[in-house]
Amino acid sequence: MAGIMIYSDKDELSFELLSGAKLISGHTGLPINAVCINNSEQAQGLAARGAETYLINNEAINLADSQGMASALESAAIQLDANIILLSSNRRGKELSGRLAEKLAAGCLTDVGSIKVNLDKIECMRNSLGGAVLAAQMITSDYKIIAVEPRVFEEMAVGKEGPINNLKIEAQAAELEVLEQRAKVGDTANIESANILVAVGQGLKSENDMLIIKELAEALGAEIACSKPVATDKKWLPEERIIGLSGKKCKPDLAVILGISGQVQFTVGIRDARTIVAVNTDENALIMQMADYIMVADLHDLVPEMTRALLVKKRLNGVRL
Amino acid sequence: MNIVVAMKQIPDLQQVRIRNRQPVLDGVPMTFGSIDKNALETALQLKEAVGGNVIVISAGTEELEDTVKEALAAGADEAYLVLDDELEHIESSVSAHLLAELIKQIENIGIILFGEGSGDNYSGQVGPRIAEILGLPEVGYVCDIELEDSRVKVTRSLEDCEEVVRVSLPAVLTVMADINEPRIPSVTQILKAGKKPQQILEVEDIGFDLKGDKKIVTLSSLAPENKRKQITVKNGEELVDALLTEGVIRR
Amino acid sequence: MEFKLSKEQELIQRTAKEYAEKSIEPIVKQIEDENKVPDEVIEGLRELGLLCLPVEEKYGGAGAGFEGFVVGLEQLARVSGGVGIFVSVVMLGTSTIAVHGTEEQKEKYLTGTCKGSWIPSVAMTEPDGADPRMLKTTAKKDGDYFIVNGTKRFITNTNFAGPMVVFAKDADTGRINGYIVDKFCEGYSISEPWDKLGSKGAFLSDVYLKDVKVPASNMLGTPDEGFQTLKVTMAMGKIGLSAIYLGNILAAYDEAFNYSKDRIYLGKPISQFESVRNSIVDIAMKYEAAKLMTYRIGYLADNTANKAKLVKDSAMTKIFVTETAVDVSRIAMNVFGSYGLMKDYKMSRIYRDAIVGPQIEGTANLLKTVVATDMYK
Ligand SMILES: Cc1cc2nc3c(=O)[nH]c(=O)nc-3n(C[C@H](O)[C@H](O)[C@H](O)COP(=O)(O)OP(=O)(O)OC[C@H]3O[C@@H](n4cnc5c(N)ncnc54)[C@H](O)[C@@H]3O)c2cc1C
Ligand SMILES: Cc1cc2nc3c(=O)[nH]c(=O)nc-3n(C[C@H](O)[C@H](O)[C@H](O)COP(=O)(O)OP(=O)(O)OC[C@H]3O[C@@H](n4cnc5c(N)ncnc54)[C@H](O)[C@@H]3O)c2cc1C
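Since the model is a prediction, treat every value here as computed from it, not as a measurement. (Residues numbered from 1 in each chain as written. Chains lettered and ligands numbered in written order. Predicted model: local features only at pLDDT ≥ 70, side-chain atom pairs only at ≥ 80, totals over all residues. Heavy atoms only, no water.)

(A) Looking closely at unusual backbone geometry. B:Pro170 follows B:Leu169 through a cis peptide bond whose omega is -5 degrees. Tracing the sequence through the fold places B:Pro170 in the loop between strand E11 (161–168) and strand E12 (171–175). Even without glycine at this site, A:Ala105 takes up a positive phi of about 50 degrees. Looking at the element boundaries, A:Ala105 is found in the loop between helix H4 (91–103) and strand E5 (107–112). For A:Ala105, a relative accessible area of 46% gives the class partly exposed. (Helix = DSSP H or I, 4+ residues; strand = E, 2+ residues; numbered from the N terminus. Buried < 20%, exposed > 50% of the residue type's maximum accessible area, 1.4 Å probe, protein only.)

Shown next, in the form of structure tokens:
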């Protein structure tokens, strides 16, 4: 009994899992099977990326019902003789992984942030103790379920075409009834909860230049924030957008800090950002010392350049940013 | 109707310090995971709306007998606990089996609530695993609950949409951190907490082999090196590439 | 010997901390500017049992004892010295009545405070001074009443309805006793509030008592117990003050410690400078010492039948903690440099709050004479 099986409800995440499966397969030589449930478009996408694809078409299986979904994947794993199961660690994927793990008496790791294969051992890295530590863990049970965070692997590129097989799975009608699905209402501007921030300081020459900042923020999907003087003295932005001691304390995944010197009253509001990019004409500016990526440049040149680069990548990949 | 809330005892994360990349847990008081407190608050609000009894279940070290006072102070009516000092770092599958045994001792259960993830590990597995063990329907990431006689209508919050579903009771629900704001227990309730009933089981009572059921090994557990990378980039494109590779922006 | 909070006390601490951070911290500036503890905060404190921590449960209190009280008040005062004084004076009023009041007085005034809307005061100080030997306020027996006349200075919580324990001299016998005056009764009026340097928010004014008719049944204790009542009040007030300024020290400690890690100088955080590190260690040691004394006085208050016996220990604790708070604030301010002077920084408020402690509820000088008298007797 050995093989890798991947499944995600989201197409692009399944393409990423395919790259992950490839990594494991490269070390272990195990075959890869990609499973799709009631989603032939995804099946085509996976096949186009060279995967041995199995499409389950059975209207009794309801995506929203973790019970039925876990049963279907359990049957698939048995039929396909797969013991290593990669799922996506989005919300649906995490619900599914616990339930499937229990069915297969499997050890399961969710929110896996990276995978390393050492001979035939799959080491998974995940945050623990509320993010205070990074643990390297390994599943020792026969069945192994690994739920991988989005963006850990690159999407597999389109290449040699793989086959699409139909997989027959029996299923009982779900006990769960879906009454409604609705799009989420967009979050209102709140720099404290934004994942990405573009913060601008007195390095910005004029209020008109705010336009290039807006364009960058849009390309990044970011909220705009600022240092105190930009709001209180220049009044180019409202005071709700101030980062720092007298403003908000933010912990975004990414902070792009433009033309801000990095006085402590500012930095206390951004030091918990996961990744910090600092753009400043002064290579000795304090902000440079707390940056992951340092760019000594005039922000008026760099910002449009960065926006352009982002848009180009976006077009190349044909996926939303 | 009994409303069961599973809560996990964890060290108070705000007080954990890192030394030589190792977490220092000595002297750090135990508490419950923060989303578990949202689950408890959900139960209390359901009780206030339709009546019933709120029962906290938990498995952990002997200290749990003290820690559980926190949940009892916040308004839970009783507690069912598995206590054993071997239960310090148990994996999700073990927690699920121990808690499922506790749940089997409770009659007339309506809803079994969990946080979407524990405060320390955030793996989110225990709820779905228990649903599987008990053969119950489960809905995760719940941000709204409406009871309807023998069924429940819940809103599940996914990354890009909300989904309203209906399931029959009893059901397992895991709630989101933003479903509510947990109440602060009053001092009066805190002082009464120790007098509320606690049912205590030992691992042997359940007949569970803790050692034999290991499915995960931890190879290392270190604080990430907290240094900023300090990489100098030359132009916008290089910067964008670096950010894409790091995964902080979406391709 | 046990130096550990019980689980219940740990939870009281957490409740006070969470409440202070969630509901007081965001409006500290408003509390200071308006010099007023807002009604929502008072209600919040009452609902959570933080307003009446040591009052017995049968009167609607939390029944957390003085150990619970010092642990809880420390966390409230850590966020606002004004709220600290406000809560401390509520304790002072309720404790004075609890120790020497009749069952009826307790039923009425303690329950009215813990469950109703009353906020007590205690009025000792007069324009001439706080020393009981200088009291000029008089109470003259008139049938079933006492007629009280006098002016009280620097009295807290005078703007709220509720009981005020007024210390006055019997016009006939010259004996000092406490009388419960219902605030805003006929003859009761107050001055404009005093605008003090720190611990803003707790309302402070003078009180004018003009022919105030107090029912004879509102006298605390028997006529010859007055001195005992006074001692109890003196002791209780000092327990409150100790807890408030312990919270102030803790706040200074947090601020200075965090700032030392954030502030970069010559390319490194100032916590890398030996002198700054030593300052932080000094603050930490002083906090620990002040904490031991404060928690101990809470323990003694719960375990001493005759509360009047606490005068010496509570005075020593109060002197030590409030003077330490001033000391710590000065050291912490030195860690900050000029930035600490700016109102945007919490440090500036902590410093202003600290200055207040030694000057109230008996100055250090005066209290040392009290301690010495006890030691040499
Ligand atoms: C009590 C107090 C509270 C405070 N609270 C806050 C607060 O909450 N938040 C806050 O932000 N500040 C706060 N401050 C102010 C803080 O100390 C700094 O003065 C402020 O952050 C500086 O803003 P800045 O970096 O935008 O401007 P500056 O310090 O003037 O820095 C501008 C930077 O832009 C760079 N630059 C110039 N031209 C360009 C260009 N063309 N391209 C790229 N870079 C360029 C310069 O090299 C410089 O580093 C507070 C100060 C005090 C005293
Ligand atoms: C915010 C605040 C709240 C207050 N709340 C109340 C309250 O609710 N109820 C109340 O009754 N009072 C209250 N007071 C008043 C306060 O308790 C007294 O003012 C304080 O105890 C000082 O007493 P005093 O005015 O007699 O001394 P001061 O006149 O201020 O003393 C002057 C100096 O003389 C010294 N001194 C005085 N007597 C002696 C002595 N015997 N031996 C040696 N030195 C001596 C003092 O140490 C000081 O150095 C409050 C004051 C403030 C500022």
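From this point on, the discussion continues.
(B) Region of interest: the pattern of salt bridges. All names here are of chain C. On inspection of all chains with the given rule, the structure shows 57 salt bridges over all chains. Close ionic contact of glutamate 10 with lysine 7 constitutes a salt bridge, the shortest N to O distance being 3.0 Å. Of the two residues, glutamate 10 and lysine 7 both sit in helix H1 (residues 7–24), three residues apart, roughly one turn of that helix. Under the relative-accessibility criterion, lysine 7 is labelled buried at 7%. (Salt bridge = Lys/Arg side-chain N within 4 Å of Asp/Glu carboxyl O.)

(C) The nonpolar core, seen in detail. Membership of the largest hydrophobic core comes to 138 residues, with the highest contact counts inside it found for B:Leu40, B:Leu113, C:Ile24 and C:Leu45. A per-element tally of this core places helix H7 (residues 226–262) of chain C first, with 16 residues. Ignoring any residue separated from it by four or fewer positions in sequence, one finds C:Leu45 in contact with C:Tyr19, C:Leu50, C:Leu51, C:Leu76, C:Val83, C:Phe86 and C:Val87. Among the nonpolar cores identified, the runner-up in size contains 41 residues, and A:Val200, A:Trp236, A:Leu302 and A:Ala309 belong to it. (Core = buried A, V, L, I, M, F, W, Y, C linked by side-chain atoms within 4.5 Å. Contact = heavy atoms within 4.5 Å.)

(D) Structural view of the site of ligand 1. All names here are of chain A. Contacts to ligand 1 come from 29 residues, most closely from Ser227, Ser246, Ser261, Gln265 and Asn280. Between ligand 1 and lysine 228 there is a distance of 2.8 Å, counted from an oxygen atom to a backbone nitrogen or oxygen. For ligand 1, whose unbound accessible area comes to 980 Å², protein coverage reaches 80%. Looking at the shell around ligand 1, the elements that each hand over two or more residues are helix H6 (228–232), helix H7 (264–267) and helix H8 (299–317). Classifying every residue of the shell around ligand 1 gives eleven nonpolar, 14 polar and four charged. (Near = heavy atom within 4 Å. Polar contact = N/O pair within 3.5 Å; in protein donor to acceptor, adjacent residues only side chain to side chain. Areas by Shrake-Rupley, 256 points an atom, 1.4 Å probe, with all protein chains shown as cover. Nonpolar A, V, L, I, M, F, W, Y, C, P; charged D, E, K, R; others polar.)

(E) Broad picture of the environment of A:Leu55. All names here are of chain A. Relative to the helices and strands, leucine 55 is located in strand E3 (residues 52–56). For leucine 55, a relative accessible area of 6% gives the class buried. A C-alpha to C-alpha distance of 6.1 Å links leucine 55 and asparagine 165, two positions 110 residues apart in sequence.

(F) Fine view of the interface of chain B and chain A. Between chain B and chain A, the residue contacts involve 75 residues of the former and 81 residues of the latter. At the boundary of chain B with chain A, total buried surface from both sides reaches about 7,000 Å², with 51% on carbon and sulfur atoms. Here chain B is connected to chain A by ten salt bridges. Between A:Glu177 and B:Arg166 there is a salt bridge whose closest N-O contact spans 3.6 Å. Counting across the interface, chain B meets chain A through 49 residue pairs in polar contact (both at pLDDT 80 or more). (Buried area = accessible area lost by both parts, 1.4 Å probe.)

(G) Looking closely at the domain arrangement of chain A. Along its sequence, chain A is organised into domain 1 (4–166) and domain 2 (191–316). One C-alpha centre belongs to domain 1 of chain A, the other to domain 2 of chain A, and the line joining them spans 37 Å. (Domains from an automatic or database assignment.)

(H) Representation of the packing of aromatic side chains within the structure. Residues and elements named next belong to chain C. On inspection of all chains with the given rule, the structure shows twelve aromatic pairs over all chains. On the numbers, 5.8 Å between centres and 70 degrees between planes, the contact of phenylalanine 154 with tryptophan 194 is edge-to-face. Here the residue phenylalanine 154 occupies a position in strand E3 (residues 145–156), and tryptophan 194 occupies one in the loop between strand E6 (188–190) and strand E7 (204–215), the gap between them amounting to 40 residues. Looking at phenylalanine 154, the relative accessible area reads 46%, which means it is partly exposed. Ring geometry for phenylalanine 184 versus tyrosine 188: centroids 5.1 Å apart, planes at 65 degrees, classification edge-to-face. For tyrosine 188, a relative accessible area of 7% gives the class buried. These aromatic residues form a ring-pair network of at least three members: Tyr259, Phe336, Tyr339 and Tyr345. (Phe/Tyr/Trp six-rings, centres within 6.5 Å; stacked < 30°, edge-to-face > 60°.)

(I) Seen up close, the environment of A:Lys160. All names here are of chain A. In this structure, lysine 160 sits in the loop between strand E9 (144–148) and strand E10 (164–166). A relative accessible area of 73% means that lysine 160 is categorised as exposed. Distance from lysine 160 to alanine 47, taken between C-alpha atoms, is 8.4 Å for residues 113 residues apart in sequence.

(J) Fine view of the site of ligand 2. Residue and element names in this part refer to chain C. Among the 19 residues in the neighbourhood of ligand 2, the closest are listed as Thr125, Ala130, Phe154, Gly362 and Thr363. With respect to ligand 2, the backbone of alanine 130 contributes an N or O atom lying 2.5 Å from an oxygen atom. Separating a nitrogen atom of ligand 2 from a side-chain N or O atom of threonine 156 is a distance of 2.9 Å. When ligand 2 is considered free in solution it has 980 Å² of accessible area, and contact with the protein chains removes 68% of it. Looking at the shell around ligand 2, its residues break down into nine nonpolar, eight polar and two charged.

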